[in-house]
Structures are given as C-alpha cells and as structure tokens.
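# Residue-level structural notes
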Amino acid sequence: MAGIYLHIPFCKSKCPYCNFFSVASIKAVEEFLPALKKEISLQQYYLGNQKIETLYFGGGTPSLIKPSAINRILEQIQNSFAVEKTAEITLEANPDDITVASLEAWHNAGINRLSIGVQSFNDADLKYLGRIHSGAQAEKSVQLALEHGFNHLSVDFIYGMPTLSDSAFADNLEKAVSLQIPHISAYALTTEPKTAMDAMIRKQQMQGPDEETAASQFRYLMQYLGSRGYEHYEISNFCLPGKYSRHNSSYWKGDHYLGLGPSAHSFNGISRQWNVNGISRYTSLVNAGESHFETEVLSPSQRYNEYVMVSLRTIWGTSLDHIKQEFGEGPASYFKDLASHFLISKDMIEHDGIFTLSENGKLFADKISSDLFLDND
Ligand code: SF4
C-alpha cells in the first residue's frame with residue numbers, strides 16, 4: 001500500500017503564519033503543469049509496483065487551479081501508477097473556491113474527499129490569520145460540499161490566536177458538530193521562523209499566540225469532540241467512526257509515499273527525499289531531466305526516532321514488538337525503560353505492549369517522544 005502527494009504551489013494571497021512553500025499568484029501555472037506531468041513520468045517507478053491507495057492534492061491551494069487541470073493530472077497518474085479503484089482522492093480547497101460548479105467538476109474528475117481550510121467561523125480570527133474568506137463563507141462552503149455528495153469531508157481549524165476566546169472556540173466546534181462534519185483537523189497556531197507573522201510579532205506589530213490559551217483550548221477540543229462521538233485518532237485529528245483520513249493515516253503507519261511538485265517529500269522505507277523549492281528551479285530541473293531532489297538514507301536510529309515520534313501521536317500507538325523486530329532488543333529495552341517513567345507519571349498508557357499517550361501526555365507529545373529518541377548513529 002502506498003500513496004501519492006501532489007503539491008500545488010499557488011495561493012491567492014500569502015497568509016502571514018504559513019510556512020508551506022507557495023506563491024501568491026497563479027501566473028506560473030502554465031509553466032508548472034507540464035513540469036509536474038514530466039515529474040509524474042520520471043518518478044513512476046519510485047514506489048515499485050505497490051498499489052496506490054491514496055492520492056492527495058495539497059499545497060498551496062489546489063482548489064485554485066482549473067478542475068480540468070486536476071482531471072488531466074489524475075489521468076496521467078492513473079496511466080503511470082497502479083491506482084486502486086477504491087483509492088481515496090483528496091483535494092485541499094479554500095472556502096472561497098467552493099461553488100456548485102467547482103464541486104461538480106471535482107467530483108467528475110474523481111475527487112472523492114475534500115479538506116476545507118476553514119480555520120475558524122469567526123471573522124475576527126480570519127482577519128487576524130490573514131485569510132480572505134469570511135466565517136459565513138466558510139459555513140456555506142461546508143454545507144454546499146456536504147449537499148453535493150462530499151461526505152468524506154475534513155475541515156481544518158486553528159486555535160490559540162489572541163482573537164479567539166474560549167467561548168468563540170467552543171462556538172466553532174459546536175458549529176462543526178452541528179454541520180455533521182465527519183473529520184476535523186485542529187492545530188495550535190505556532191509562529192514559524194521566517195514567516196511574515198514571526199517578523200510582525202518581533203517588531204511588536206501584532207500579538208502572537210498564547211501557549212496557555214492554546215493548551216486549554218486543546219483540552220477543551222479533546223473533551224468536547226470526544227463527548228460528541230469523535231475519535232481522537234491522531235494528536236491533531238478527530239473523526240466520526242470510520243472516517244479516518246486514509247492518506248494521512250498511511251504516513252503515520254509508515255507506508256511509502258511519493259511526493260510530486262516543488263518542496264514535496266517522499267519516503268520509500270529506506271530513504272526520504274525532498275524536492276527543491278521554487279517554481280522556476282523545480283520546472284527547469286525537471287524539464288532538463290536533472291536531479292530535482294535531495295535524498296537522505298535513514299540510519300537505524302533515525303528510523304527508530306521517526307517511528308516513535310509518529311506512532312506515539314496516534315491511537316494505534318507505539319508497539320514494543322515492532323521496535324524489537326525492526327530495530328532489535330537494544331532499542332526495545334531502551335524504549336521500555338524510558339517509557340516506564342511516563343507510565344508512572346500517567347502521561348503514557350500501556351496495553352499488551354502498545355504504548356499510547358494519555359490525555360495529559362498529548363499536551364506534551366513532542367517533548368515525550370524526543371525524550372524517547374535514540375542518539376543519532
Ligand atoms: S495557509 Fe494555505 S492558503 Fe494560506 S498561504 Fe498557506 S497554503 Fe496558501
């Protein structure tokens with residue numbers, strides 16, 4: 001089982017907190033699409049003959065390019081890879097791009113899951129985040145998508161910003177539940193280095209996120225969505241029964257994936273590679289048939305660290321048997337010894353050799369997993 005990620009690097013405008021690679025213009029799309037097409041054929045053997053079970057159009061804003069372009073990309077992927085008939089095919093869409101016509105066109109192109117960048121239903125938050133849609137538009141876009149058959153639907157929320165009071169956050173979640181949104185991804189706002197938000201906060205031109213508020217909103221998020229039947233299956237992801245993101249779950253379970261487009265990452269079990277940033281750089285290297293990515297072969301300790309970091313964030317947890325089989329007795333007893341401290345502090349739970357984070361432990365997931373890491377060899 002394997003997946004393909006396609007990075008579509010265009011946005012209408014650049015949100016100040018965002019550190020994904022994208023440009024605030026669609027001018028280069030005609031230069032980009034042929035290069036992406038070429039990269040698809042150059043990389044068609046990367047995943048061997050594994051069946052492709054998930055495809056994911058991310059970005060950037062994939063909903064910004066014409067549905068006919070999505071259609072052509074999908075056709076080429078189908079011609080180059082063994083795509084399962086039941087594959088999950090997700091498109092990230094911003095609320096301002098969602099219309100009846102676009103929904104129908106995406107559906108006809110084969111998209112069967114949407115991930116909508118709502119972030120908040122509250123206009124003050126959207127303004128703070130530099131988003132160009134309104135809360136009303138966000139709500140309407142979700143309703144339209146559900147009415148037009150996209151019942152595999154995810155919505156992204158951000159919390160922890162100074163404009164978002166606890167009651168406004170509760171309202172956001174209540175609205176999401178009342179709309180019967182089957183999948184919710186929620187992220188604490190962080191100020192990433194080199195973003196416009198980071199620069200403005202440093203110059204005291206804007207107020208940054210507050211860690212304590214974010215922590216208390218995260219607790220509320222877990223408690224409220226849990227009480228409404230959502231499964232907290234990954235630190236930032238919640239879903240109604242069975243409505244997991246198959247694509248993201250496959251990353252978290254260590255399946256192989258190919259990333260296409262500038263800045264996209266790939267993993268084949270042995271090495272990971274990442275494509276160059278910059279549309280011109282990417283297109284000129286791909287068109288010339290020159291290497292457009294860097295590769296790193298993972299050492300055993302890197303693979304162990306990656307496994308612990310990712311698996312511990314999920315409901316499926318970290319398996320001691322898996323560590324033994326993949327990395328040997330030494331790393332397994334190292335993990336068990338260190339994890340015992342977190343069992344005593346009740347930040348972790350163990351059941352039949354599977355270690356997961358408790359509700360409290362989820363607040364410190366990054367710190368706990370890094371404490372369980374092996375030194376690089
Ligand atoms: S957050 Fe999304 S829409 Fe905003 S700049 Fe980043 S990729 Fe584009």
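Calculation rules
Residues numbered from 1 in each chain as written. Predicted model: local features only at pLDDT ≥ 70, side-chain atom pairs only at ≥ 80, totals over all residues. Heavy atoms only, no water. Phe/Tyr/Trp six-rings, centres within 6.5 Å; stacked < 30°, edge-to-face > 60°. Helix = DSSP H or I, 4+ residues; strand = E, 2+ residues; numbered from the N terminus. Buried < 20%, exposed > 50% of the residue type's maximum accessible area, 1.4 Å probe, protein only. Expected span 1.5 Å × (residues − 1). Axes fitted to C-alpha atoms, helices over the stretch in contact; angles between N-to-C directions. Parallel < 35°, antiparallel > 145°, perpendicular 65-115°, else oblique. Left-handed = near helix turned anticlockwise from the far one by under 90°. Contact = heavy atoms within 4.5 Å. Nonpolar A, V, L, I, M, F, W, Y, C, P; charged D, E, K, R; others polar.

## Section: the packing of aromatic side chains
- Scanning the entire structure with this criterion turns up 15 aromatic pairs.
- An angle of 70° between the planes, with centres 5.7 Å apart, marks the rings of Phe121 and Phe157 as edge-to-face. Of this pair, Phe121 sits in the loop between strand E4 (113-119) and helix H4 (123-128) while Phe157 sits in strand E5 (residues 153-159), placing them 36 residues apart in sequence. For the pair Phe121 and Phe157, a shared accessibility class is recorded, and that class is buried.
- On the basis of an interplanar angle of 85° and a centroid distance of 5.8 Å, the ring pair of Tyr304 and Phe327 is categorised as edge-to-face. Separated by 23 residues along the polypeptide, Tyr304 in helix H11 (residues 300-311) and Phe327 in helix H12 (residues 320-327) bring together distant segments of the chain.

## What to know about H11
- For H11, spanning 12 residues, the distance from its first C-alpha to its last is 16 Å, which sits close to the expected 16 Å at 1.5 Å a residue.
- Of the residues making up H11, those classed as buried are Ser301, Gln302, Tyr304, Asn305, Tyr307, Val308, Val310 and Ser311.

## A word on the packing of H11 against H12
- The interhelical angle for the contact between H11 and H12, taken along N-to-C directions, is 165°, at an axis separation of 11 Å. Between H11 and H12, the angle is such that the two are roughly antiparallel. The interaxial crossing formed by H11 with H12 has right-handed handedness. Facing Pro300, Arg303, Tyr304, Tyr307 and Val308 of H11, the residues of H12 in contact are His322, Ile323, Glu326 and Phe327.
- Classifying every residue of the contact of H11 with H12 by side-chain character gives 6 nonpolar, 1 polar and 2 charged.

## Quick look at helix H6 (residues 166-178)
- For H6, spanning 13 residues, the distance from its first C-alpha to its last is 18 Å, which sits close to the expected 18 Å at 1.5 Å a residue.
- Every buried residue belonging to H6 is among Ala168, Phe169, Ala170, Asn172, Leu173, Ala176 and Val177, and all of these are buried.
- Looking at the buried side of H6, the elements it contacts are H4, E5, strand E6 (183-188) and helix H8 (211-227).
- Looking at the residues trailing H6, positive phi occurs at Gln180, about 60°.

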